[in-house]
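Below are the chains, spelled out letter by letter.
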Amino acid sequence: MFLDKLKNELNQNQPLFIGEETALRSAIMIPLVQVNEEWHVLFEVRSLTMRNQPGDISFPGGRIDPTDASPLDAAIREAHEELGVDPIYINVLGQMSAYISSSSFVVHPFVATIDDHQIHSFNKQEVEEIFTIPVEWLLNYQPYMHTVSIQPMPLTDFPYEKIVNGDKYQWRSRVIEEWFYDYGKYTIWGLTARILKHFIETIK
């Protein structure tokens, strides 16, 4: 009886990863627009008055709210709120693999075409400006990479007495890759660059 119940539970839809239920879940949209009959990727520059990451370059998107029926609904809602585009002009092409930076943060990326004529006014409280980069340029550009070393730093109340080697325990550091795209006066890096790189590799 126990094994049958366990087998049934294991065959149900499982979370994307252990800890997803409590992770900060976000959804973003990679918008494709036509400029002079050529496909471009649209980017946002975050408002300089934003509390988090002011001036950084990003895709439209944000946290998945409890009222969002799905990550896709969240991505469409955010694109509508930030770019001022009616959802009927957002044509979703598909979903990319989720980006999991840690057990506490996951991003669901979607790709969509947007009628650029419908971008009448973006949300100035969240978006400083918008710009586009030709897909063809991105396909031929070689991004460059720098590494960042991350070292775990336990807080002062960590129970060293409960683990082997105590405070002599050798914490394992890790190295993350940070990719950079330079386009005119803009530099795309961080999460946006990682997802952009995967998107371009998918096209290739």
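Let me begin by describing the structure that accompanies this report.

Rules of the game
- Residues numbered from 1 in each chain as written.
- Predicted model: local features only at pLDDT ≥ 70, side-chain atom pairs only at ≥ 80, totals over all residues.
- Heavy atoms only, no water.
- Salt bridge = Lys/Arg side-chain N within 4 Å of Asp/Glu carboxyl O.
- Buried < 20%, exposed > 50% of the residue type's maximum accessible area, 1.4 Å probe, protein only.
- Helix = DSSP H or I, 4+ residues; strand = E, 2+ residues; numbered from the N terminus.
- Lys, Arg positive; Asp, Glu negative; His and termini not counted.
- Contact = heavy atoms within 4.5 Å.
- 1 Å grid on protein atoms, 1.4 Å probe; cavity = no way out; pocket = protein on both sides within 12 Å on 5 of 7 lines; lining within 4 Å.
- Points joined across faces, edges and corners; volume = space filled by probe spheres on them.
- Phe/Tyr/Trp six-rings, centres within 6.5 Å; stacked < 30°, edge-to-face > 60°.
- Lys NZ or Arg CZ within 6 Å of the ring centre and 35° of its normal.
- Pairing = 2+ DSSP bridges.

**A look at the pattern of salt bridges**
- The tally for this structure, following the rule as stated, stands at eight salt bridges.
- When the shortest N-O distance is used, the salt bridge between Asp 167 and Lys 168 registers 3.3 Å. The same class applies to Asp 167 as to Lys 168, namely exposed.
- A salt bridge links Glu 178 to Arg 194; the nearest nitrogen and oxygen atoms lie 2.6 Å apart.

**Structural notes on the side chain of Arg 46**
- Take Arg 46: it is sitting in strand E2 (residues 38–46).
- Buried and without a salt bridge, Arg 46 has Asp 56 as its closest oppositely charged side chain, separated by 6.0 Å.
- In contact with Arg 46, other than residues within four places in its own chain, are Asn 52, Gln 53, Pro 54, Gly 55, Asp 56, Ser 58, Glu 126 and Glu 128.

**Section: the layout of surface pockets**
- What the largest pocket holds in volume is close to 980 Å³.
- Ser 26, Arg 46, Gln 53, Phe 105 and Leu 191 are the residues nearest the centre of the largest pocket, which is lined by 34 residues in total.
- Of all the elements in the fold, those that place two or more residues in the lining of the largest pocket are strand E1 (24–35), E2, strand E3 (57–58), strand E4 (61–63), helix H2 (71–83), strand E6 (99–102), strand E7 (105–114) and helix H4 (190–203).
- Looking at which element gives the most residues to the lining of the largest pocket, the answer is H4, with five residues.
- The volume enclosed by the second largest pocket comes to roughly 180 Å³.
- Tyr 99, Ile 100, Ser 101, Ile 150, Arg 174, Ile 176, Glu 177, Trp 179, Arg 194, Lys 197 and His 198 are the residues that line the second largest pocket.
- Here the lining of the second largest pocket gets four residues from one element, more than from any other, and that element is strand E10 (residues 174–183).

**Some remarks on the packing of aromatic side chains**
- Under the counting rule described, the total for this entry stands at eleven aromatic pairs.
- Grouping aromatic residues by their ring pairs yields a cluster made of Phe 43, Phe 59, Phe 131 and Tyr 186.
- A cation over an aromatic ring shows up here: Lys 124 above the ring of Phe 122, its NZ or CZ 5.4 Å from the ring centre.

**So, the pairing of E10**
- Of the pairings in the sheet, the one linking strand E9 (residues 144–150) to E10 comprises seven bridges and is antiparallel in character. Directly across from His 146, in E10, lies its bridge partner Glu 178.
- The pairing of E10 with strand E11 (residues 186–188) spans three bridges and is classified as antiparallel. Paired with Tyr 183 across the two strands is Tyr 186, which belongs to E11.
- Taken together, E10 and the strand that follows it, E11, pair antiparallel across an intervening segment of two residues, in which Gly 184 is found at a positive phi of about 60 degrees.

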